[in-house]
Amino acid sequence: MRNAGHLAAETLMYSGPLVREGVTTEDLNEVVHEYIVSHGGVPAPLDYMGFPKSVCTSVNDVVCHGIPSKKQRLKRGDIINVDVTVILDGWHGDTSATFYVGPSSQKARHVVEVARQCLERGIAVVRPGGRIGDIGAAIQDHAEGQDCSVVRQYVGHGIGRSFHEGPQVPHFRSSGDNLRLREGMTFTIEPMINLGTWRARVLDDGWTAVTVDGKLSAQFEHTIAVTADGCEVLTARPAVLVNSEDTAG
Ligand code: MF3
Ligand code: CO
Ligand code: CO
């Protein structure tokens, strides 16, 4: 899991500098695909439940599962989430970040930075003996305190030999929040944070989820493992994320 997480993190870092005006989301797909394959991995999204590409690219009001396309060219001011999942030696690593096609509006920076903070808040409460619901409570409180909303249709997930397995990891308070966290559990935390309503709908392509009000959405994701005294971020990055962390705020 550490090796898979590390390759996912490196792939995301590699894609950061390529996010700029004029690049298509298909360009990003090709680069991510090549990087993963050349490092001995498999891009998990490709052919997963019929998903046609190797990475998800979610621009502006797209909440998640955006499909890379030659027709979609990045413009100044866009925000784009790149969601990388690799399989390495049979194990999965899943991580995403939202990048700025700068310069970005204050609203765009707000939702992106709140989403980044929400992931940090969620990670901060993970410890053995805690509950899965501690994560959603921490995230929901922060998001709503910053006048943002938390998407409910999509949640974090257990991960390991499978891409998506139990438990579900809601980013908001919900029923079934009582599951006890135990050392060795591996799951993702991946809050999708909106400027307007939390409600999302799926386009006719069957994948692309967009906010129903057309307002911006941002997301960050890490794969984590519960340890004896807290958690380990398996997709931690050894260096700053170009076009996301370096232009923050
Ligand atoms: N990477 C997404 C997640 O965080 C799932 C993408 S499924 C795909 O769970 F089929 F769209 F790739
Ligand atoms: Co995930
Ligand atoms: Co993901």
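Described below are features of the structure shown in this document. (Residues numbered from 1 in each chain as written. Chains lettered and ligands numbered in written order. Predicted model: local features only at pLDDT ≥ 70, side-chain atom pairs only at ≥ 80, totals over all residues. Heavy atoms only, no water.)

Notes on the pairing of strand 2 (residues 56–59)
What counts here: Only protein chains enter the accessibility calculation, which uses a 1.4 Å probe; a residue whose area is less than 20% of its type maximum is buried, one above 50% is exposed, and one in between is partly exposed. Numbering of helices and strands runs from the N terminus, with a helix taken as a DSSP run of H or I at least four residues long and a strand as a DSSP run of E at least two residues long. Strand pairing requires that DSSP identify at least two bridges connecting the strands.
Residues Cys56 and Ser58 line one face of strand 2 and the alternating positions Thr57 and Val59 line the opposite face, and both faces are buried. Pairing of strand 2 with strand 4 (residues 79–88) involves 4 bridges; the strand directions are antiparallel. Bridging from a neighbouring strand, Thr57 pairs with Val82 of strand 4.

Some words on the coordination of the cobalt ion (ligand 3)
Convention followed: In this description, a donor is an N, O or S atom within 2.8 Å of the metal centre, a cutoff extended to 3.2 Å for sodium, potassium and calcium. Water is not part of the atom list, which can make sites seem incomplete. Under the classification used here, a metal with four donors is tetrahedral if each angle lies between 85 and 135 degrees, square planar if opposite donors are over 155 degrees apart and the others between 65 and 115, a six-donor metal meeting that same test is octahedral, and anything else is irregular.
Those donors, Asp83 (OD), Asp83 (OD), Asp94 (OD) and Glu221 (OE), are the protein atoms that reach the cobalt ion (ligand 3), and they lie 2.1 to 2.4 Å from it. Geometry at the cobalt ion (ligand 3) is irregular, judged from the 6 donor atoms that bind it and their angles of 58 to 166° at the metal. In terms of primary sequence, the donors binding the cobalt ion (ligand 3) are separated according to D-x10-D-x126-E. Between the cobalt ion (ligand 3) and the cobalt ion (ligand 2), a spacing of 3.3 Å is present, and a bridge between the two is formed by Asp94.

Describing the coordination of the cobalt ion (ligand 2)
Distances from the cobalt ion (ligand 2) to its protein donors, Asp94 (OD), His157 (NE2), Glu190 (OE) and Glu221 (OE), fall within 2.0 to 2.2 Å. Between the donor residues of the cobalt ion (ligand 2), the gaps in sequence give the motif D-x62-H-x32-E-x30-E.

Side note on the site of ligand 1
Quick reminder of the rule: Nearness of a residue to a molecule or strand requires only that one of the residue's heavy atoms be within 4 Å of it. Definition of a polar contact: a pair of N or O atoms within 3.5 Å, with one able to donate and the other able to accept a hydrogen when the atoms are protein atoms, and with sequence-neighbouring residues admitted only if both atoms are side-chain atoms. Only the protein chains shown count as cover for residues, with accessible areas throughout obtained via the Shrake-Rupley method and a probe of 1.4 Å. Side-chain classes follow a simple rule in which Ala, Val, Leu, Ile, Met, Phe, Trp, Tyr, Cys and Pro form the nonpolar group, Asp, Glu, Lys and Arg form the charged group, and the remainder, Gly included, forms the polar group.
Around ligand 1, the structure places 14 residues, and the nearest of them are Asp83, His157, His164, Glu190 and Glu221. Between ligand 1 and Asp83 there is a distance of 3.0 Å, counted from a nitrogen atom to a side-chain nitrogen or oxygen. Within the side chain of Glu190, one N or O atom sits 2.8 Å away from an oxygen atom of ligand 1. For ligand 1, the accessible surface in isolation is 340 Å², of which the surrounding protein chains cover 97%. For the shell around ligand 1, the per-class residue count stands at 6 nonpolar, 4 polar and 4 charged.

Topic: the packing of helix 3 (residues 106–124) against helix 4 (residues 133–145)
Using the following cut-off: Lines fitted to C-alpha atoms define the axes here, with helix axes fitted over just the stretch in contact, and angles between the N-to-C directions of these axes take values from 0 to 180 degrees. Angle categories: roughly parallel below 35 degrees, roughly antiparallel above 145, roughly perpendicular from 65 to 115, and oblique for all the rest. Put simply, a crossing is left-handed when the front helix is turned counterclockwise from the back one by less than a right angle, and right-handed when it is turned clockwise. Whether two residues touch is decided by their heavy atoms; if any such pair falls within 4.5 Å, the residues are in contact.
Two numbers describe how helix 3 lies on helix 4: the axes approach to 8 Å, and their chain directions differ by 150°. One element, helix 3, and the other, helix 4, form an angle in the roughly antiparallel class. The element helix 3 and its partner helix 4 pack so that their crossing is right-handed. Residues Val114, Gln117, Cys118, Arg121 and Gly122 of helix 3 lie in contact with helix 4, whose contacting residues are Ile135, Ala138, Ile139, His142 and Ala143.

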